[in-house]
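Given next are the chains, with one letter for each unit.
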Amino acid sequence: EPEVTQTPSHQVTQMGQEVILRCVPISNHLYFYWYRQILGQKVEFLVSFYNNEISEKSEIFDDQFSVERPDGSNFTLKIRSTKLEDSAMYFCASTQNTEAFFGQGTRLTVV
Amino acid sequence: RKEVEQDPGPFNVPEGATVAFNCTYSNSASQSFFWYRQDCRKEPKLLMSVYSSGNEDGRFTAQLNRASQYISLLIRDSKLSDSATYLCVSLYYSSASKIIFGSGTRLSIRP
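One structure accompanies this document, and this report is about it. All of these numbers come straight from a predicted model, not from anything done at the bench. (Residues numbered from 1 in each chain as written. Chains lettered and ligands numbered in written order. Predicted model: local features only at pLDDT ≥ 70, side-chain atom pairs only at ≥ 80, totals over all residues. Heavy atoms only, no water.)

Notes on the sheet that holds strand S3 (residues 19–24) of chain A
Residue and element names in this part refer to chain A.
Here comes step 1: Taking strand neighbours across the sheet as the criterion, the four strands line up as S1-S3-S8-S7 in an open arrangement whose pairing is antiparallel. The sheet is open, and its two borders are formed by strand S1 (5–7) and strand S7 (65–68), each paired with just one other strand. Each neighbouring strand pair of the sheet contributes to a mean axis angle of 20 degrees, computed without reference to strand direction.
Here comes step 2: By the bridge criterion, four bridges tie S7 to strand S8 (residues 75–79) in an arrangement that is antiparallel. Looking across to S8, one finds that phenylalanine 65 is bridged to isoleucine 79. (Pairing = 2+ DSSP bridges. Helix = DSSP H or I, 4+ residues; strand = E, 2+ residues; numbered from the N terminus. Axes fitted to C-alpha atoms, helices over the stretch in contact; angles between N-to-C directions.)

So this is what it looks like as structure tokens:
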């Protein structure tokens, strides 16, 4: 079965540092997403990406966040200067028509 | 109104009981629906996809009512291992594709 893979599974970083979360979506999918879930809270939409550009972003996705599809396979989420409140599970997803697949998540801990 | 709304939880039922969750969606363009289960500190895992009127898989039955814009999940003969948070997810795709998560319903099965 196809799967979305995310790396790393767990990242610990100091406040103020930059982090890059990586995702490899399903190869024939065209839409890509990042979501986050703060421990004990609901899954929150961050951004969707299509045709090499952001198609929609939430208010959470401020100037500290950026996404990129640098090489046609990876889909990355960069947080420029992490804050304590960025600590969460970050999920990548890709969709094509009726299919939607999620990665296993990256747990980001900002200390 | 939230785009995807779920029953408020938590549900606390005895083992062997039948439990039903409802989920309503506001965007009539939503075309696919999913039920995910999420265990504590883990990523959401796909339980069932619902494309047409419904789907059944063992003890789990999902039904879709497009006229009333709701999806339900029925769990029969519940097991202790069914304890989790159940997320209702809608996917629509036209000029853009969007995945919307409900806030989740927590289910706790007691012996």
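Points about the sheet that holds strand S8 (residues 70–75) of chain B
All names here are of chain B.
Here comes step 1: In spatial order, the strands read S1-S3-S8-S7-S6; together these five strands make up an open sheet with antiparallel pairing. With partners counted over all chains shown, the strands left at the sheet margins are strand S1 (4–6) and strand S6 (54–57), one partner each. Taken over all neighbouring pairs, the strand axes of this sheet differ in orientation by 15 degrees on average, direction set aside.
Here comes step 2: Taken together, the six bridges between strand S7 (residues 60–65) and S8 define a ladder with antiparallel strand orientation. Paired with leucine 64 across the strands is isoleucine 71, a residue of S8.

Notes on the packing of aromatic side chains
Here comes step 1: Under the criterion given, the structure shown has 16 aromatic pairs over all chains.
Here comes step 2: On the numbers, 5.3 Å between centres and 85 degrees between planes, the contact of phenylalanine 102 of chain A with tyrosine 36 of chain B is edge-to-face. Of this pair, phenylalanine 102 of chain A sits in strand S10 (residues 99–102) while tyrosine 36 of chain B is found in strand S4 (residues 32–38), placing the two residues in two different chains.
Here comes step 3: For phenylalanine 102 of chain A, a relative accessible area of 13% puts it in the buried group.
Here comes step 4: Ring pairing ties together the aromatic residues Tyr33, Tyr35, Phe45 and Phe102 of chain A together with Phe34, Tyr36 and Phe101 of chain B, which thus form one cluster. (Phe/Tyr/Trp six-rings, centres within 6.5 Å; stacked < 30°, edge-to-face > 60°. Buried < 20%, exposed > 50% of the residue type's maximum accessible area, 1.4 Å probe, protein only.)

Focus: the state of the cysteines
Here comes step 1: Scanning all chains against the criterion turns up two disulfides over all chains.
Here comes step 2: Here cysteine 23 of chain A pairs with cysteine 92 of chain A through a disulfide, and the sulfurs are 1.9 Å apart. Handedness here is read from the sign of the S-S torsion; for cysteine 23 of chain A and cysteine 92 of chain A, about -60 degrees, the answer is left-handed. Residue cysteine 23 of chain A is located in strand S3, and its partner cysteine 92 of chain A is located in strand S9 (residues 88–96); the two are separated by 69 residues in the primary sequence.
Here comes step 3: Residue cysteine 23 of chain B pairs covalently with cysteine 88 of chain B via a disulfide, S to S 1.9 Å. Torsion about the S-S bond of the cysteine 23 of chain B and cysteine 88 of chain B cystine: about -75 degrees, corresponding to left-handed handedness. Pair noted here: cysteine 23 of chain B is in strand S3 (residues 19–25) and cysteine 88 of chain B is in strand S9 (residues 84–93), with a separation of 65 residues, a long-range link. The same class applies to cysteine 23 of chain B and to cysteine 88 of chain B, which are both buried. (Disulfide = S-S within 2.5 Å.)

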